[in-house]
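These are the residues of each chain, in order.
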Amino acid sequence: MAGLRTQPTAQDPKAFIGTVTHPTRRRDAEELLELMGRVTGETAVMWGPSMIGFGRYHYRYASGHEGDALAVGFSPRASAQALYGLLSAPEAELLLPRLGRHRRGAGCLYLTSLASVDTGVLEELVDTGYRFTMGQSA
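Residues numbered from 1 in each chain as written. Predicted model: local features only at pLDDT ≥ 70, side-chain atom pairs only at ≥ 80, totals over all residues. Heavy atoms only, no water.

**Thoughts on helix H2 (residues 23-40)**
Rules: The helix count covers DSSP runs of H or I at least four residues long, the strand count covers runs of E at least two residues long, and both are numbered beginning at the N terminus. Here, expected helix span is obtained from the residue count minus one, scaled by 1.5 Å. Partly exposed residues are those whose accessible area sits between 20% and 50% of the maximum for their type, while under 20% is buried and over 50% is exposed, using a 1.4 Å probe and protein chains only. In this analysis, two residues are considered to be in contact whenever any of their non-hydrogen atoms come within 4.5 Å of each other.
Here H2 contains 18 residues, and its C-alpha end-to-end distance of 26 Å stays within 8% of the 26 Å for a straight helix at 1.5 Å per residue. Listed in full, the buried residues belonging to H2 are Arg25, Asp28, Ala29, Leu32, Leu33, Leu35, Met36, Gly37 and Thr40. Where the residues of H2 are buried, they touch helix H1 (13-18), strand E2 (51-60), strand E3 (66-76), strand E4 (81-84) and helix H4 (119-133). Once H2 ends, the next one or two residues include Gly41, with phi positive near 75°.

**Considering the nonpolar core**
Applicable threshold: Nonpolar core, defined: a set of buried Ala, Val, Leu, Ile, Met, Phe, Trp, Tyr and Cys residues in which side-chain atoms within 4.5 Å join the residues together.
The biggest cluster of nonpolar side chains holds 29 residues, and the ones touching the most others in it are Phe74, Leu83, Leu86, Leu99, Leu109, Leu122 and Leu125. Residues contacting Leu86, with those up to four places away along its chain left out, are Met36, Val72, Ala92, Leu109, Leu122, Leu125 and Val126. Listed in part, the six residues of the second largest apolar core include Met51, Ala82, Tyr84 and Cys108.

**What about the sheet that holds strand E6 (residues 108-111)?**
Heads up, the rule is: What makes two strands pair is DSSP finding at least two bridges between them.
Strand order in the open sheet formed by six strands is E1-E2-E3-E4-E6-E5, with antiparallel pairing between adjacent strands. The sheet terminates laterally at strand E1 (45-47) and strand E5 (103-104), the two strands that pair on one side only. Across four bridges, the pairing between E4 and E6 is antiparallel. Paired with Tyr84 across the bridge in E6 is Cys108.

**Focus on the packing of helix H3 (residues 92-99) against H4**
The condition that has to hold: Orientation is described by lines fitted to C-alpha atoms, with helices fitted over the stretch in contact, and by angles between N-to-C directions that extend from 0 to 180 degrees. What sets the label is the angle itself: under 35 degrees gives roughly parallel, over 145 gives roughly antiparallel, 65 to 115 gives roughly perpendicular, and the rest give oblique. Crossings are assigned a handedness: left-handed for a near helix turned anticlockwise from the far helix by less than a right angle, right-handed for a clockwise turn. In this classification, the charged set is Asp, Glu, Lys and Arg, the nonpolar set is Ala, Val, Leu, Ile, Met, Phe, Trp, Tyr, Cys and Pro, and all remaining amino acids, among them Gly, are polar.
It is the contact of H3 with H4, at a shortest axis distance of 9 Å, that shows an interaxial angle of 160°. On the basis of their axis angle, the class for H3 and H4 is roughly antiparallel. Crossing handedness for the pair H3 and H4: left-handed. For the pair H3 and H4, the contacting residues are Ala92, Leu95, Leu96, Arg98 and Leu99 in the first and Val121, Leu122, Glu124, Leu125 and Thr128 in the second. A per-class count over the contact of H3 with H4 returns seven nonpolar, one polar and two charged.

**Comments concerning the environment of Arg77**
What counts is decided by this rule: By the criterion applied in these results, polar contacts are pairs of N or O atoms within 3.5 Å in which, for protein atoms, one can donate a hydrogen and the other can accept it, and in which residues neighboring in sequence qualify only through two side-chain atoms.
The topology assignment puts Arg77 in the loop between E3 and E4. Overall, Arg77 belongs to the partly exposed group, its relative accessible area being 36%. For the pair Arg77 and Ala29, spaced 48 residues apart in the sequence, the C-alpha separation amounts to 9.9 Å. In this structure Arg77 touches Arg25, Ala82 and Tyr84, once residues within four positions along its chain are discounted. A distance of 2.6 Å separates a polar atom in the side chain of Arg77 from a polar atom in the side chain of Tyr84.

**Considerations on the packing of aromatic side chains**
Formally: Only the six-membered ring of Trp is used, alongside the rings of Phe and Tyr, when aromatic pairs are assigned; centres must lie within 6.5 Å, and planes under 30 degrees apart are stacked while those over 60 apart are edge-to-face, with the rest tilted.
Tallied over the entire structure, the rule returns two aromatic pairs. Each ring, one from Tyr57 and one from Tyr59, has its centre 6.3 Å from the other, and the planes form 55°; the classification is tilted. Taking the relative accessible area as the measure of exposure, Tyr57 reaches 29% and is therefore partly exposed. Ring geometry for Tyr59 versus Tyr61: centroids 5.1 Å apart, planes at 40°, classification tilted. By relative accessible area, which is 15% here, Tyr59 ends up buried. Ring pairing ties together the aromatic residues Tyr57, Tyr59 and Tyr61, which thus form one cluster.

Any functional reading would require information that these geometric values do not contain.
Here's what the structure looks like:
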């Protein structure tokens, strides 16, 4: 079985954010770093070269494939922040209409600017996604 490509690294998330050239993405990444750390109580860890994760869980599929993944996290991309783990909890469907401007991907939530979303709702999405992934009740 091939090894997983996205693994935790020793890279400093703050140093990585400092390399983000787009000023809005960098500023929003700094805010997401604080927000996700505060909501989850977890320390930020780099996963691969560009993903910042909070919490870690082990998964195993019926096929036998298994591994570890970040519980919630984000990656500052050129066009938007990609947020991971926020759509897995059933409550996400009730929160998304109140969030503000966003796009959905297969498993990601994309935000072009934190200024265009309700950060209180974003905190709820982080909390419910994290708790759901980690097997905790609300």
